[in-house]
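A look at the structure
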Amino acid sequence: MKSQQSIIPTLKKAALLFGWVVFILLSYKVSKLDREYQEYNPYEVLNLDPEASLSEIKKQYRVLSLKYHPDRGGDETTFMRIAKAYAALTNEQSRLNWINYGNPDGPGATSFGIALPAWIVDQKNSMLVLLVYGLAFMVILPVVVGTWWYRSIRYSGDQILINTTQLFMHFMYKTPNMNMKRLIMVLTAALEYDPRSNKEATIRPTDNIVVPQLIRELGNINVKKKEPPFCYPYSLKARVLVLGHLARMDVSEELEEDQRFVMRKSPALLQEMINVGCQLTMMANSRGGFHAPRLVTIENCMKLTQMIVQGLQESKSPLLQLPHFEEEHLRFCISKKYKVRTLQDLVSLKDSDRRSMLRFLGEEKYDEVMAVLGSLPHITMDTKLQVLDDEDSNNITAGSIVTVTVTLTRKRMVEVFEKEQEATPCPGEEAPNSEEAPGDANKVKPKVWQNKNKGAKKMAKSKKKKLPKKKAAPATSKTKQANGNVTGTEVAAGAAATAAKDEEDEGSDRGSESDEGEANKDSPSEREEDSDKQSDTEADEIAGDDEEEWEALQQSIQRREKALLETKSKVTHPVYSLYFPEEKQEWWWLYIADRKDQTLVSMPFHVCTLKDTEEVELKFPAPSKTGNYQYSVILRSDSYMGLDLIKPLKLEVHEARAILDHPQWDIPDTEDEDEEPEESDGIEDSEEEDEDND
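Residues numbered from 1 in each chain as written. Predicted model: local features only at pLDDT ≥ 70, side-chain atom pairs only at ≥ 80, totals over all residues. Heavy atoms only, no water.

**Details of helix α13 (residues 295-310)**
For α13, with 16 residues, the first-to-last C-alpha span of 23 Å sits near the 22 Å given by 1.5 Å per residue. The buried fraction of α13 is high, at 14 of 16 residues. G311 lies just past α13 and shows a positive phi near 65 degrees. (Helix = DSSP H or I, 4+ residues; strand = E, 2+ residues; numbered from the N terminus. Expected span 1.5 Å × (residues − 1). Buried < 20%, exposed > 50% of the residue type's maximum accessible area, 1.4 Å probe, protein only.)

Shown next as structure tokens:
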């Protein structure tokens with residue numbers, strides 16, 4: 001198989017070289033052909049200067065005619081050309097024809113022809129030419145078009161074999177709840193890894209020796225499972241290579257090339273599995289009759305993509321994505337002193353503590369780790385919930401189409417470092433809260449991105465604590481009175497009495513003013529004016545709200561049109577990976593899910609253009625029953641482990657308003673009764689006029 005694959009590129013290069021040689025030879029032959037349509041110049045035929053006199057022309061004609069005359073052994077064709085040129089210069093009529101028509105013989109019929117070599121139009125070669133044309137247009141061209149068509153119909157729009165898509169659909173329909181081990185088996189059963197369906201895949205004779213060795217090193221990988229196609233040699237080999245890649249095992253040079261091929265194909269195949277799961281989910285929601293794939297199955301496809309790109313098993317620490325990190329180094333990170341288990345924990349650590357924890361790294365290795373960590377993405381996600389094309393966009397009714405606008409902002413982890421350095425005080429500066437109790441000094445400092453949340457919680461708690469203090473003021477006066485503080489109670493009582501009197505006076509004044517106002521407004525004209533003003537203000541407010549909704553609707557329409565027209569590049573940010581065989585771009589999945597019921601609410605949107613900011617609209621139908629629902633907006637990376645985001649989404653569904661009849665269709669009965677006599681009167685009048693005419 002390998003020898004055949006090495007011969008095919010050589011044959012292609014030889015055919016290309018032969019084609020260039022033929023093209024150069026044809027170009028050379030064409031350049032040697034005489035030009036038929038050339039401007040006639042008699043001076044050039046006689047080898048004379050255009051300013052030559054008549055005597056010089058006659059003299060040159062005698063010399064050339066003696067040289068090329070047929071009776072003296074000259075060329076007859078050349079002699080005829082010389083005679084024609086001499087006539088064009090000496091004969092008046094021939095000279096006028098040459099000046100006016102470019103030919104001494106006068107105007108002639110213009111003939112056009114195809115610039116073909118003479119041997120093609122030669123009658124002797126007619127059968128050969130017909131055979132060549134028949135072979136080219138009746139054999140070669142149909143074979144080429146048929147081969148292209150046969151190959152193109154075997155693949156989907158994402159260049160995945162149609163048979164592979166059908167295989168994924170069969171197993172996802174058969175096993176809606178698929179764990180990671182089963183998912184790897186289904187992935188490696190793809191026909192892209194079968195040499196019979198894909199010429200890039202190979203089965204080597206040494207596989208019978210090397211693959212069983214890897215199986216023994218990996219352990220239990222369901223080798224004895226006889227379910228096709230999991231028991232086929234190509235599927236077993238691809239499964240061993242994937243599991244060896246996730247375990248970061250060293251393979252032989254013979255298998256290393258095959259392993260790179262399997263890894264390159266895996267992300268596209270997993271994306272196809274996600275698409276198949278979404279299609280089955282939509283079919284189950286619309287038709288019913290079978291169970292849709294569970295949310296855990298689709299999320300396992302996304303997690304497996306991360307694992308393959310980073311070459312890590314699901315249970316391993318995400319810190320192993322960084323360079324120079326090994327399994328034995330993790331004990332320094334997860335110790336009780338630091339408790340660093342994720343990349344975010346490592347970022348939020350103080351620089352001094354981080355250096356102390358990573359003391360097993362040298363200076364250069366530490367700088368490389370910090371450079372890679374600083375280049376990793378740090379995503380913030382903002383959501384906006386609304387119902388577009390509705391009068392009240394914030395009111396979600398049963399069955400309405402809900403639009404969640406998600407704004408993604410990508411920054412680098414190094415910006416988190418900078419915020420941390422700005423937040424931490426310098427060693428020479430004093431702490432702002434130096435007068436706190438000594439017990440507060442032992443508290444752990446909060447993380448950088450948790451400061452805002454904790455500050456908000458403290459503000460809420462302080463507000464809650466301040467509210468009962470105002471109500472507790474009368475209780476303190478009572479306790480003072482019980483303790484015998486007579487002066488304080490008398491002052492408080494006097495102040496309370498004066499305050500009560502002032503309030504009574506103000507109340508009486510307000511009452512008198514209101515009575516006077518009511519007395520003055522008893523007239524009906526003034527009441528009508530007030531009602532008109534109120535109606536005008538309400539109409540202005542409604543008009544303002546309508547204008548705002550209209551502007552928001554127009555902006556959303558413009559955003560959709562712009563997104564449809566402009567094609568963004570899918571080159572975002574290169575992914576740092578130690579074990580993936582080729583350069584990969586950083587992409588994401590965004591979707592809404594009900595984690596309680598383990599179902600998808602909106603289909604996953606593959607975000608392939610997130611460079612700095614990206615706005616994505618996710619749409620889904622609201623539940624048919626009213627009530628409160630708790631969903632989750634989830635952002636998952638297809639390249640990094642431990643950088644996923646989950647944001648809660650609360651949904652309050654109300655009853656849909658009843659459809660009211662429009663006033664223009666409410667026709668009172670009195671109008672119908674009034675119109676009927678008018679029609680009858682018209683008819684009687686017309687009958688009377690007809691009788692008069694008779």
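Let us keep going from here.
**Describing the environment of R260**
Mapped onto the fold, R260 is located in helix α12 (residues 253-286). The exposure class of R260 is partly exposed, given its relative accessible area of 36%. Put simply, R260 and Y579 are 319 residues apart on the chain and 9.5 Å apart in space, counted from C-alpha to C-alpha.

**Topic: the sheet that holds strand β6 (residues 613-621)**
If you walk across this open sheet you meet the three strands as β1-β2-β6, and the pairing is antiparallel. Of all strands in the sheet, those bounded by a partner on one side alone are β1 (377-386) and β6. Across this sheet, the average inter-strand angle for adjacent strands is 20 degrees, counted without regard to direction. Here 10 bridges tie β1 to strand β2 (residues 401-412), and the two strands are oriented antiparallel to one another. Across the sheet, I379 pairs through a bridge with R410, a residue of β2. (Pairing = 2+ DSSP bridges. Axes fitted to C-alpha atoms, helices over the stretch in contact; angles between N-to-C directions.)

**As for the side chain of R636**
Structurally, R636 can be placed in strand β7 (residues 627-637). Polar side-chain contacts of R636 include one of 2.9 Å to the side chain of Y591. Of note is the side chain of R636, whose polar atom sits 2.8 Å from the side chain of D644. Leaving out residues up to four positions away in the same chain, R636 has contacts with E299, M302, K303, Q306, W588, W589, Y591, R595 and D644. (Polar contact = N/O pair within 3.5 Å; in protein donor to acceptor, adjacent residues only side chain to side chain. Contact = heavy atoms within 4.5 Å.)

**Observations regarding helix α17 (residues 363-375)**
Taking 1.5 Å per residue as the helical rise, α17 with its 13 residues ought to reach 18 Å, and the 19 Å between its terminal C-alpha atoms agrees with that figure. All of the buried residues along α17 are Y366, V369, M370, V372, L373 and G374.

**Overview of unusual backbone geometry**
Put simply, P228 and P229 share a cis peptide bond, and its omega is 0 degrees. As for its placement among the helices and strands, P229 is situated in the loop between α10 (207-218) and α11 (233-246). You will see that N47, though not glycine, has its phi angle at about 60 degrees, which is positive. Among the secondary structure elements, N47 is positioned in the loop between α2 (42-45) and α3 (54-68). Judged by relative accessible area, which is 59%, N47 ranks as exposed. Backbone geometry places K339, a non-glycine residue, at a positive phi of 55 degrees. Within the secondary structure, K339 is located in the loop between α14 (330-333) and α15 (343-348).

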